[in-house]
Amino acid sequence: MPDSPSKTVPETVGPRPAASPPPEAKSKAPRVAVASLVGTTIEYYDFAVYGTASALVLGPAFFPSGNATVSSLAAFLTFAAAFLARPLGVVLFGTIGDRLGRRQALVLSLLLMGVATVGVGLLPTYETAGLLAPVLLVTLRLLQGVSMGGEWGGAVLLATEHAPPGRRALYASIPNAGPSLGFLLSTAVILPTLNIAGRDGFTNGAWRIPFLLSAVLVVIGLWVRATVSESPVFSPAARRTAQAPVSRFPLGTLVKEYPGRLLLGIGAAIGGSAVYYLTIVYSISYAPKALGIPQNTMLTAASIGAAAGIAVTLPVAHLADRIGRRPLMLTGAAGSVLWAVPMYASLSSRNAVLITGAYTVGLMLLALMFSPAAAFLAELFPARLRYTGASAAFILANTLGGGFAPSIATWLNSQWDSPLVLGFYTGGLCLLSLLCLLALPETRDDEFDI
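Sequence order as written defines residue numbering, which begins from 1 separately in each chain. Only residues with pLDDT of at least 70 get local features here, since the model is predicted, and only at 80 or more are side-chain atom pairs given and counted; chain-wide, interface and lining totals rely on the full set of residues. Side-chain calculation: all heavy atoms of the structure are included, whereas hydrogens and water are not.

## Re the nonpolar core
Part 1 of the argument: One finds Phe62, Leu347 and Tyr359 to be the most contacted residues of the largest nonpolar core, which totals 106 residues.
Part 2 of the argument: Helix and strand assignments follow DSSP, with helices taken as H or I runs no shorter than four residues and strands as E runs no shorter than two, numbered in order from the N terminus. Per-element tally for this core: the top contributor is helix H14 (residues 259–291), with 17 residues.
Part 3 of the argument: An automatic or database domain assignment supplies the start and end points of every domain. Counting contributing residues, this core receives three or more from each of domain 1 (29–228) and domain 2 (250–449).
Part 4 of the argument: Apart from the residues within four sequence positions on either side, Phe62 is in contact with Leu123, Pro124, Thr125, Tyr126, Ala133, Pro134, Leu137 and Trp207.
Part 5 of the argument: The set of buried Ala, Val, Leu, Ile, Met, Phe, Trp, Tyr and Cys residues whose side-chain atoms join them within 4.5 Å is what this entry labels a nonpolar core. For the exposure calls, accessible area comes from a 1.4 Å probe over protein chains only, and a residue counts as buried if that area is under 20% of its type's maximum, exposed if over 50%, partly exposed in between. In this structure, Phe93, Ala105, Leu106 and Ala155 belong to the second largest nonpolar core, which totals 15 residues. Here a residue-residue contact requires only that any non-hydrogen atoms of the pair lie within 4.5 Å.

## Section: the packing of aromatic side chains
Part 1 of the argument: Stacked, tilted and edge-to-face are the three classes assigned to paired rings of Phe, Tyr and Trp, where Trp is represented by its six-membered ring and a pair needs centres within 6.5 Å; plane angles under 30 degrees give stacked, over 60 edge-to-face, the rest tilted. In total, this model carries 9 aromatic pairs according to the counting rule given.
Part 2 of the argument: Taken together, a centroid distance of 3.9 Å and an interplanar angle of 10° make the contact between Trp152 and Phe394 stacked. Within this pair, whereas Trp152 is found in helix H7 (residues 132–162), its partner Phe394 is found in helix H18 (residues 386–403), the two being separated by 242 residues in sequence.
Part 3 of the argument: We classify Trp152 as buried; its relative accessible area is 1%.
Part 4 of the argument: Here Trp207 and Phe211 contribute two aromatic rings whose centre-to-centre distance is 5.8 Å and whose plane-to-plane angle is 85°, an arrangement assigned as edge-to-face.
Part 5 of the argument: On the accessibility criterion, Trp207 (2% relative accessible area) is buried.
Part 6 of the argument: Among the residues examined, Phe211 registers a relative accessible area of 0% and is labelled buried.
Part 7 of the argument: An aromatic cluster is built from Phe62, Trp207 and Phe211, whose rings are joined through pairwise contacts.

## Details of the pattern of salt bridges
Part 1 of the argument: Salt bridges are counted wherever a side-chain nitrogen of Lys or Arg sits within 4 Å of a carboxyl oxygen of Asp or Glu. Taken as a whole and judged by the stated rule, the model has 9 salt bridges.
Part 2 of the argument: A salt bridge links Arg386 to Glu161, with the shortest nitrogen-to-oxygen separation between them at 2.9 Å. With Arg386 in helix H18 and Glu161 in helix H7, this pair connects stretches of sequence that are 225 residues apart. Across this residue pair, the class does not change: Arg386 and Glu161 are buried.
Part 3 of the argument: Residue Arg444 pairs with Asp445 through a salt bridge whose shortest N-O separation is 3.2 Å.
Part 4 of the argument: Here Asp445 falls in the exposed class, since its relative accessible area comes to 63%.
Part 5 of the argument: Salt bridges sharing common partners tie together Asp98, Arg102, Glu161 and Arg386.

## Topic: the confidence of the model for the chain
Part 1 of the argument: A residue's pLDDT is the confidence the predictor assigns to it, expressed on a 0 to 100 scale. Put simply, the chain has an average pLDDT of 85, and 88% of its residues get 70 or more.
Part 2 of the argument: By mean pLDDT, strand E1 (residues 12–13) is the weakest element of the chain at 39, and helix H16 (residues 325–345) is the strongest at 96.
Part 3 of the argument: For residues 4–19, every residue scores under 50 in pLDDT, and the model assigns this stretch 45 contacts once sequence neighbours within four places are set aside.

## Looking at empty space enclosed by the protein
Part 1 of the argument: Cavities and pockets are defined on a 1 Å grid built over the protein atoms alone: a cavity is a set of grid points where a 1.4 Å probe fits but cannot escape, while a pocket is an open set with protein on both sides within 12 Å along at least five of seven lines, and lining residues are those with an atom within 4 Å of any such point. Grid points are joined across faces, edges and corners, and a volume is the space filled by probe spheres set on the points. The final tally for this structure, using the stated rule, is 4 cavities of 30 Å³ or more.
Part 2 of the argument: Reported here for the largest cavity is a volume of approximately 190 Å³.
Part 3 of the argument: In this structure, the largest cavity is lined by 18 residues; those nearest its centre are Asn176, Pro179, Ser180, Leu366 and Phe370.
Part 4 of the argument: When contributions to the lining of the largest cavity are tallied by element, the ones reaching two or more residues are helix H9 (178–206), H14, helix H15 (295–323), helix H17 (352–379) and H18.
Part 5 of the argument: Residue contributions to the lining of the largest cavity peak at 5 residues, all from H17.

## Description of helix H11 (residues 214–226)
For an α-helix, 3.6 residues make a turn, and residues three or four places apart therefore share a direction.
Part 1 of the argument: A helix is expected to span 1.5 Å multiplied by its residue count minus one. Under the 1.5 Å per step criterion, the end-to-end length of H11 is 18 Å for 13 residues, consistent within 8% with the ideal 18 Å.
Part 2 of the argument: Along H11, the positions that sit buried rather than exposed are Ser214, Val218, Gly221, Val224 and Arg225. Around the axis of H11, the buried residues are gathered within 125° of arc, so they sit on the same side. With respect to the buried face of H11, the exposed residues turned more than 90 degrees away are Val216, Val219, Trp223 and Ala226. Working note: the arc is built from the helix axis to C-beta atom directions.

## What about unusual backbone geometry?
Part 1 of the argument: Within the chain, Arg350 stands out as a residue other than glycine whose phi angle is a positive 60°.
Part 2 of the argument: If you trace the backbone, Arg350 turns up in the loop between H16 and H17.

Spelled out as structure tokens, the structure:
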């Protein structure tokens, strides 16, 4: 049974629910969805650049060690550190987004991400600054994490709350393609930089280029986001007739009123998070070092798989609006449970075509899980808690399933030197997602308060 909200006295008064967005909001829906996608892509570009750089160069540059595994583990732990900061971003930007507006939260989150990412590109290395270098790196990485805590939920909600009735999954899936697009964009910058500078040149300083280019992208993203309309939840008409309660501390209210949906929502997204981060972050480092597979082969395989996932995102979302969110998400989760071991076992072949094919299937199954998830998680919570609820479920799933995945995988492979370990680990988390999805209700036809 879904959680029943408690009969608490409202602390403040917020927007009044309505059956659907007003006509003017619907007419702006495509532009809002594209603007949300641009911002999400830029934020995930910044995040993906760090993830790829941590796999390639940040270990020896900031955490020098005679042991390559220790150096890589330290770099991946800084990767995980940002995920620990994400819940703080959920609290901060969720409060802003649920009380003051979705757009304000999104502009602030993008600005913070840009400052942190460009800052990483300007940092001195351990050789130059000693212990100060890794301290500064971790600090900036934490700021990236705070930013990401507010990004996904706000971008998805801005698109979803502008969407016409019956098309919420389709519109929500557009910004939800941002993680894969951000990875492709980062690869499109990193691969040419690697090829032009060479591995030595990249290690000696060219790795900074993708970070510094973020400044240009953030300026574009801020301009795009500043020109879109606010969610109809915060329209003047909604405020004039406001009756729905808005909590001063949305996260506390969420935990009190909807603990079951929050926990099950986290579990529903945890398996997909593991697939995403082990594929596009960990395996890019693991395969060349442990199996001798060329770096470009792994980057290309992950990129083609991500592109295939993007290609099916909108069709899957359109189908989710027709038949429901759960059938597709359950299919993706079940498929990922079965495919996880064969996907990572393909690394043992060292065959570029086989690896690319395995990754492509795996990331298309991920699209089945994640394309409807944007609307599904938003629909689990009422408008007054939606930013915090959707963000908390997705971000905590990312933290638990993805943030620590590279570090856990590094340790697992130090104990059992086989890519099959990655498959069993990922498959187990996807099984957890499958069980949580079975326990959650279908939300396609639920009333969606605006």
